[in-house]
Amino acid sequence: MRNEPLLISFGGVVIGFYGCPPSVWEEPLLLFAQPDAAADVRIHVKETAVLPKPTDALVLYTAAGFRMLGSGTKRWAFRTDPYRADAPAFAALCYDTGLPDELMLFFDPRAMELNVQSLLSSIMLETLLLRHGRCILHASYILQQQCGILFSAPSGAGKSTQAELWRRHRGAQIINGDKAILYMEKDGVKVSGLPLCGSSGICRNAAAPLQAIVVLSQGRENRISRMGGKAAVKALLSQMYVRRGEGESVAQAMTLASEAAARVPVFQLSCLPDLSAVECLEKAIKGEMHDAEGTDAIKISAQ
């Protein structure tokens, strides 16, 4: 174990990890290190062969590979095998709702190797960030002329393809191929990378003003429209990482989605996997749509 804390910035929220083994001190986590910052959230990591066993706690909710117990203000979040309902837990995150930014993470090294992926999967990262006004969005994040563009859609809908087209034809930089952190500041909506990137393998540390969010689907022609209020909020919520069993987190996510949809354009783009899709979106971002409210749409067929 290393004595100094590992201080990592997630969209400006600094999480301090105390007592982490050397296996965690590696990229991509170290790309986001802020060694001189003050921690907003403190997580003390402890290796143990026996996880906490609360005797008077109730099961608050369960999800795949996850079980939340509570008693009064005490909370225990246990990680388990998502494919075995009867599997024993191999990590436990413990905290008091009165001090939600002071947490203990216990892990059993016989059942779980602690590395960057397993660490971040065990700390309820999406919940911690929502408490601080940030959300993780399932999206490919590109940086174009110092502004961020997010391509959001379920897996397989073409996020990586569109990001690569912008890199190839417009010189954009792909910051993260799978996830981004979305948050509000006084001067607008911001987006940043984070040290999780799914199977894309593309993970960089960069924050920028957010220019547009693009909800993708595959099509036989390029068709784009600006999504209005409720439709935009619903589309964003469907791609946010939120624990549905936590009412407070859901409410925070809805607030963020509403604010983002009100302050940046959310486009629905049905597109082809070629340069014409880039040109279609480029025109929309420049304000050359027929109707800013989305009642009309631009159609650009492949040449």
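Each residue is numbered by its place in its chain's sequence as written, counting from 1. Per-residue local features are limited, in this predicted model, to residues with pLDDT of at least 70; the limit for side-chain atom pairs, both in listing and counting, is 80 or more; totals at the level of whole chains, interfaces and linings are taken over all residues. Side-chain figures throughout are based on the complete set of non-hydrogen atoms in the structure, without hydrogens or water.

Right, let's get into the overall build of the protein. Helix and strand assignments come from DSSP, with helices taken as H or I runs of at least 4 residues and strands as E runs of at least 2, each series counted from the N terminus. Looking only at helices and strands, one finds 6 helices and 17 strands in the protein. Here the C-alpha atoms of the protein give a radius of gyration of 21 Å, agreeing with the 19 Å that 2.2 N^0.38 yields for 303 residues. Based on the C-alpha atoms only, the size of the protein along its principal axes is roughly 65 × 40 × 35 Å. Put simply, of all contacts in the protein between residues at least 6 apart along the chain, 63% involve residues at least 24 apart. Carbon together with sulfur atoms contributes 49% to the accessible area of the protein, which is approximately 14,200 Å² in total. Taking the average place of the 31 positive charges on the side chains of the protein and the average place of its 30 negative ones, the gap between the two points comes to 3 Å. Values of the radius of gyration come from C-alpha atoms, whereas the globule rule sets the reference at 2.2 Å times the count of residues to the power 0.38. Whether two residues touch is decided by their heavy atoms; if any such pair falls within 4.5 Å, the residues are in contact. Only the protein chains shown count as covering a residue, and every accessible area follows the Shrake-Rupley method with a 1.4 Å probe. Within this scheme the basic residues Lys and Arg register as positive and the acidic residues Asp and Glu register as negative, but His and the chain ends are omitted. In this description, the location of a charge corresponds to atom NZ of lysine, CZ of arginine, CG of aspartate or CD of glutamate.

As a further point, take helix H4 (residues 229–238). Only protein chains enter the calculation, and the probe is 1.4 Å; a residue is then buried if its accessible area is under 20% of its type maximum, exposed if over 50%, and partly exposed in between. Of all the residues in H4, the buried ones are Ala-232, Val-233, Ala-235, Leu-236 and Leu-237. Those residues of H4 that are buried lie in contact with strand S9 (134–144), strand S14 (207–218), helix H5 (247–263) and strand S16 (266–271).

Looking now at the pairing of strand S6 (residues 74–79). Across the 6 residues that make up S6, a large majority, 5, are buried. The pairing criterion is simple: DSSP has to find at least two bridges between the two strands. For strand S5 (residues 66–71) and S6, the ladder comprises 6 bridges, and the chain directions are antiparallel. The residue of S6 that forms the bridge with Met-68 is Ala-77. From the end of S5 to the start of S6, which pair antiparallel, there are 2 residues, and Gly-72 there has a positive phi angle of about 65 degrees. As paired elements, S6 and strand S7 (residues 91–96) share 6 bridges and run antiparallel to each other. Considered in S7, the bridge of Arg-75 is made with Tyr-95.

We now examine helix H3 (residues 159–170). Here H3 contains 12 residues, and its C-alpha end-to-end distance of 16 Å stays within 8% of the 16 Å for a straight helix at 1.5 Å per residue. Among the residues of H3, Lys-159, Gln-162, Ala-163, Leu-165 and Trp-166 are the ones counted as buried. Within H3, the buried residues cover an arc of 155 degrees as seen down the axis, which keeps them to one side. Check the buried side of H3 and you find it contacts S9, strand S10 (147–152), strand S11 (173–176), S14, S16 and helix H6 (275–285). What a helix is expected to span follows from its residue count: subtract one and scale by 1.5 Å. The directions considered for the arc are those from the helix axis to the C-beta atoms.

Here strand S4 (residues 58–63) runs beside S5; their pairing, made up of 5 bridges, is antiparallel. Considered in S5, the bridge of Tyr-61 is made with Met-68. The hairpin formed by S4 and S5 contains 2 residues between the paired strands, and Gly-65 there has a positive phi angle of roughly 70 degrees.

Quick look at the packing of H3 against H6 now. Only the stretch in contact is used when a helix axis is fitted, and all axes are lines through C-alpha atoms; the angle between N-to-C directions ranges over 0 to 180 degrees. Look at H3 against H6: their axes get within 9 Å of each other, and the N-to-C directions meet at 85 degrees. Comparing their axes, H6 and H3 come out roughly perpendicular. Where H3 approaches H6, its residues Gln-162, Leu-165, Trp-166, His-169 and Arg-170 are matched on the opposing element by Leu-275, Ala-277, Val-278, Glu-279, Leu-281 and Glu-282. In the contact of H3 with H6, the residues fall into 6 nonpolar, 2 polar and 3 charged. Angular relationships are summarised with four words: roughly parallel below 35 degrees, roughly antiparallel beyond 145, roughly perpendicular across 65 to 115, and oblique for the angles in between. Here the term charged refers only to Asp, Glu, Lys and Arg, the term nonpolar to Ala, Val, Leu, Ile, Met, Phe, Trp, Tyr, Cys and Pro, and the term polar to all other amino acids, Gly among them.

Our next topic: the pattern of salt bridges. Pairing between side chains of opposite charge can happen when the charged atoms of each approach one another. By definition here, a salt bridge exists when the distance from a side-chain nitrogen of Lys or Arg to a carboxyl oxygen of Asp or Glu is within 4 Å. According to the stated counting rule, one finds 10 salt bridges in the structure shown. In this structure, Glu-126 and Arg-243 form a salt bridge, with 2.9 Å as the shortest nitrogen-oxygen distance. Here the residue Glu-126 occupies a position in helix H2 (residues 125–131), and Arg-243 occupies one in the loop between H4 and H5, the gap between them amounting to 117 residues. Among the residues examined, Arg-243 registers a relative accessible area of 14% and is labelled buried. A salt bridge links Lys-190 to Asp-187, with the shortest nitrogen-to-oxygen separation between them at 3.4 Å. The network of salt bridges with shared partners includes Glu-164, Arg-167 and Arg-168.

Sheet strands associate in pairs through backbone hydrogen bonding, adopting either a parallel or an antiparallel arrangement. Spatial ordering of the open sheet is given by S1-S2-S3-S8-S7-S6-S5-S4, a layout of 8 strands whose pairing is mixed. Each edge of the open sheet is held by one strand with a lone partner, namely strand S1 (6–10) and S4. Averaged over all pairs of adjacent strands, the angle between their axes in this sheet comes to 20 degrees, without regard to strand direction. Inspection of the sheet shows S7 paired to strand S8 (residues 99–107) by 6 bridges, in the antiparallel sense. Bridge pairing in S8 links Cys-94 to Met-104.

Time to look at the side chain of Arg-79. Counting through the fold element by element, Arg-79 comes out in strand S6. An unpaired buried charge is present at Arg-79: no salt bridge exists, and Asp-81, the closest side chain of opposite charge, is 8.3 Å distant.

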